[in-house]
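What follows is each chain in one-letter form.
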Amino acid sequence: MNRVEVNKDNICLNRIEEKCINCGTCLKTCKSINNFDNDCINCGQCILTCPTGALTPKYDYKEVLNYIHDTEHTVVVFTAPAVRVAIGDAFGFEPGSFLEGKLVSALKVIGFDYVFDTTFGADLTIMEEANELITRVKNKDLPMFTSCCPSWVLYVQKYHQGIIKNLSTCKSPIAMQGAMIKSYFADMYEIPKEKIISVSLTPCISKKYERSLYPDTDFVITTSELILMIQELGIDFKNLKDKEYDKLLGKGSGGGLIFGVSGGVMESILRTAYYMLNKEKAPKDFYEFKAIRGEKNIKDAVVDMGEFYLKIAVVNKVSTINENFDKLLDYDFIEVMACPGGCIGGGGQPLVSIKDLSDIRGSRINSMYQSDASLKVKESYMNPEIRDAYDCYINKRNIELHTDHSKK
Ligand code: SF4
Ligand code: SF4
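Residues numbered from 1 in each chain as written. Chains lettered and ligands numbered in written order. Predicted model: local features only at pLDDT ≥ 70, side-chain atom pairs only at ≥ 80, totals over all residues.

Okay, the overall build of the protein chain next. Helix and strand content of the protein chain: 14 helices and 10 strands. Computed over C-alpha atoms, the radius of gyration of the protein chain comes to 20 Å, within 12% of the 22 Å expected from 2.2 N^0.38 for 408 residues, which places it in the range of a compact globule. Seen through its principal axes, the protein chain has C-alpha atoms that stretch 60 × 50 × 40 Å. Considering only intrachain contacts with a sequence separation of at least 6, the fraction spanning at least 24 residues in the protein chain is 73%. (Helix = DSSP H or I, 4+ residues; strand = E, 2+ residues; numbered from the N terminus. Rg over C-alpha atoms; globule rule 2.2 N^0.38 Å. Contact = placed C-beta atoms within 7 Å.)

Here's what the structure looks like:
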């Protein structure tokens, strides 16, 4: 076998046989990410390096369009952080251009009834995970690994079952936001939940698999699928006027935004955990955490959290795990993202010149951090929509924001 295997029933990945020249690049890419021959964890990196465009995400966007065109359903879309810094690649913008306003505008023109930001779901994850981290430290139940990347979770379930208990029990931002749309949003807007179609727009094909585990999200479409929608509907993306997200589950904090880059989940959880422990804003270096930014395979630091010191590590690319597995268990808190650079480098992002991939990821990373630096609200606990959601809903209801990874 010279190429990655793509079964017909694969819900994330597709191969157009007529375009395949059997070059073997996809298998080489897979081995460099996954370490385990031909055992797919759905990261989709092979799509980005296939020279002929034979590999694509499994497309779901046509079904989404059918729901948009019927009048029976309220169709709600929520956009992952990394989409806004990559979509411009398909429309002649400089790599890394931050196009949040045009993205929202395009989704409204397509006909989505509500456009929300998954940075809200990321803020929820941060609140829950910061809390979990503090509890685990107090109970000496460490290390804790992040769990928002479904390819990483699948990797643990396949190859490292011994640490399933060390994965954070938090659902991913998308799974949390899906749950909130089918409960909080449905109740507040008085829409029966069976009439709501929730669509997650992501840079990630693995989220299509995750959706099958958490069906509050009805569809997952990738950045590359949105580009096809825009092109097929003849929308002039370049000249769209900026629009803002709808309220309630709308915009998240800077911490929620940097979830899209390697090190971002760690940085934002530490900002909030510090506040929870000390009842004051974290020191300045929590807002420009140089030691855990960028694309090094392992980034680490010892962090003064006030009450205790925390040994942290950020793992860039899942292949880094096996080479360093025992060493990693000595840390207290570890972030792992399957894709190089984190979700900004996900397999559902637009195709770009293969030789420029690394530079383009760098531009997207810079763009995300610049935007975080420019935002007034950089911490999840300061997001007013998150405060409202806890005060008037989450604290009073039984919303499932956590999961048991050993049962999935
Ligand atoms: S990289 Fe693309 S063209 Fe090459 S073997 Fe894989 S699917 Fe076929
Ligand atoms: S790093 Fe992000 S884009 Fe890549 S598989 Fe994980 S969640 Fe998906």
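This paragraph deals with the sheet that holds strand β10 (residues 333-337). Paired through their backbone hydrogen bonds, the strands of a sheet run either parallel or antiparallel. Spatial strand order, β5-β10-β9-β8: four strands in an open sheet with mixed pairing. Of all strands in the sheet, those with a lone pairing partner are β5 (144-145) and β8 (298-304), marking the two edges. Relative to β10, strand β9 (residues 309-316) runs parallel, the two sharing five bridges. Following the sheet pairing, Ala313 is matched in β10 by Ile334. (Pairing = 2+ DSSP bridges.)

Among the nonpolar cores identified, the biggest contains 115 residues, and Val76, Trp152, Val336 and Ala338 are the most heavily contacted of them. Sorting elements by how many residues they give to this core places helix α7 (residues 173-188) first, with eight residues. (Core = buried A, V, L, I, M, F, W, Y, C linked by C-beta atoms within 7 Å. Buried ≥ 20, exposed ≤ 12 C-beta atoms within 10 Å, placed from the backbone.)

Taken together, the residues surrounding ligand 2 are Cys43, Cys149, Ser151, Pro203, Cys204, Ser206, Met337, Ala338, Cys339, Gly342, Cys343 and Gly346. The two domains that each donate at least three residues to the shell around ligand 2 are domain 2 (61-120 + 173-251 + 399-407) and domain 3 (123-170 + 253-384). (Near = placed C-beta within 6 Å. Domains from an automatic or database assignment.)

Here the focus is helix α6 (residues 150-159). Taking burial as the measure, the 10 residues of α6 include seven buried ones, the bulk of the element. Taken together, the buried positions of α6 are occupied by Pro150, Ser151, Trp152, Val153, Leu154, Tyr155 and Val156. Contact partners of the buried residues in α6: α8 (206-213) and β10.

Okay, the site of ligand 1 next. Taken together, 13 residues form the shell around ligand 1, and within it Arg3, Cys20, Cys23, Cys26 and Cys50 come nearest. Here the shell around ligand 1 is built from residues that sort into seven nonpolar, four polar and two charged. (Nonpolar A, V, L, I, M, F, W, Y, C, P; charged D, E, K, R; others polar.)

The next point concerns the domain arrangement of the protein chain. Examined at the domain level, the protein chain breaks down into domain 1 (13-57), domain 2 (61-120 + 173-251 + 399-407) and domain 3 (123-170 + 253-384). The C-alpha-based centres of domain 1 and domain 2 are spaced at 26 Å. Opposite the five residues of domain 1 that make contact, domain 2 presents six residues.

In this section: the sheet that holds strand β3 (residues 74-79). Reading across from one edge, β4-β3-β6-β7 is the order of the four strands in this open sheet, with parallel pairing throughout. At either margin of the open sheet sits one strand with a lone partner, and together these are β4 (114-117) and β7 (219-222). Put simply, the sheet's adjacent strands are angled 25° from each other on average, direction ignored. In this sheet, β7 lies alongside strand β6 (residues 196-202) in parallel orientation, the contact comprising four bridges. Bridge pairing in β7 links Ser200 to Val220. Together, β3, β4 and β6 form the strand contacts of helix α5 (residues 118-138), whose direction differs from that of β4 by roughly 40°. (Axes fitted to C-alpha atoms, helices over the stretch in contact; angles between N-to-C directions.)

Moving on to unusual backbone geometry. Cis rather than trans, the peptide bond between Leu142 and Pro143 has omega equal to 5°. Within the secondary structure layout, Pro143 lies in the loop between α5 and β5. The phi dihedral of Asn22 is positive, around 60°, even though this residue is not glycine. Along the polypeptide, Asn22 turns up in the loop between β1 (13-15) and α1 (25-34). For Asn22, a count of 8 C-beta atoms within 10 Å corresponds to the exposed category. Of note, the phi angle at Lys140 is positive, near 55°, even though the residue is not glycine. Relative to the helices and strands, Lys140 resides in the loop between α5 and β5.

Right, let's talk about the pairing of β3 for a bit. Sheet faces and side chains relate simply in a regular strand, where the side chains alternate between the two faces. Here β3 lies mainly inside the structure; five of its six residues are buried. Summarising the sheet, β3 and β6 pair through six bridges and their orientation is parallel. When the bridges of β6 are listed, Val76 appears paired with Ser198. Inspection of the sheet shows β3 paired to β4 by four bridges, in the parallel sense. Following the sheet pairing, Val76 is matched in β4 by Tyr114.

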